[in-house]
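Take a look at the letters that make up each chain.
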Amino acid sequence: MRRGKIAAVITQNIDGLHQASGIPPRRIIELHGNTTYATCLDCGQRYEIADLRAIFEKRAPVPPCSECLVT
């Protein structure tokens, strides 16, 4: 059995608990996403939920992905 640091953490938490504990984000696999960001299903661009919520509250619906519009 090999001992040492783990390669990754697979989690069902959606609240950023593992990130807050100090585990590097690149080592966290979130099975159900996260409540702090959204990801474009087409290109993978990440958007902060707070930014999307502000847009949505001013005018619905949230605009399309800015990265997908460029390509």
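Residues numbered from 1 in each chain as written. Predicted model: local features only at pLDDT ≥ 70, side-chain atom pairs only at ≥ 80, totals over all residues. Heavy atoms only, no water.

Caption draft 1: Examining the pattern of salt bridges more closely. According to the stated counting rule, one finds one salt bridge in the structure shown. Between Glu48 and Arg46 there is a salt bridge, with its nearest N and O atoms 3.2 Å apart. Residue classification places Arg46 among the partly exposed residues on the basis of a relative accessible area of 46%. (Salt bridge = Lys/Arg side-chain N within 4 Å of Asp/Glu carboxyl O. Buried < 20%, exposed > 50% of the residue type's maximum accessible area, 1.4 Å probe, protein only.)

Caption draft 2: Main features of the environment of Arg46. Tracing the chain through its elements places Arg46 in strand S4 (residues 46–48). Each residue touching Arg46, except ones within four places of it in the same chain, is listed here: Tyr37 and Ala38. A distance of 3.2 Å separates the side chain of Arg46 from the side chain of Glu48, its partner in a polar contact. (Helix = DSSP H or I, 4+ residues; strand = E, 2+ residues; numbered from the N terminus. Contact = heavy atoms within 4.5 Å. Polar contact = N/O pair within 3.5 Å; in protein donor to acceptor, adjacent residues only side chain to side chain.)

Caption draft 3: Up close: the environment of Leu52. On the secondary structure map, Leu52 appears in helix H2 (residues 49–58). Counting along the chain gives 31 residues from Leu52 to Ser21, while the straight-line C-alpha distance between them is 26 Å. In this view, Leu52 contacts Ala38, Tyr47 and Val62; residues no more than four positions away in its chain are not counted.

Caption draft 4: Here's a closer look at the packing of aromatic side chains. Under the counting rule described, the total for this entry stands at zero aromatic pairs. The residue whose ring lies beneath Arg46 is Tyr37, and the NZ or CZ to ring-centre distance is 3.9 Å. (Phe/Tyr/Trp six-rings, centres within 6.5 Å; stacked < 30°, edge-to-face > 60°. Lys NZ or Arg CZ within 6 Å of the ring centre and 35° of its normal.)

Caption draft 5: Quick peek at the side chain of Asn34. Position of Asn34 among the secondary structure elements: in the loop between strand S2 (28–30) and strand S3 (37–39). With relative accessibility at 12%, the residue Asn34 sits in the buried group. Here the side chain of Asn34 touches Glu30 through a polar contact of 2.7 Å, side chain to side chain. Separated by 2.6 Å, the side chains of Asn34 and Thr36 make a polar contact. Contact partners of Asn34, with chain neighbours within four places excluded, come to Ile14, Gly16 and Gln19.

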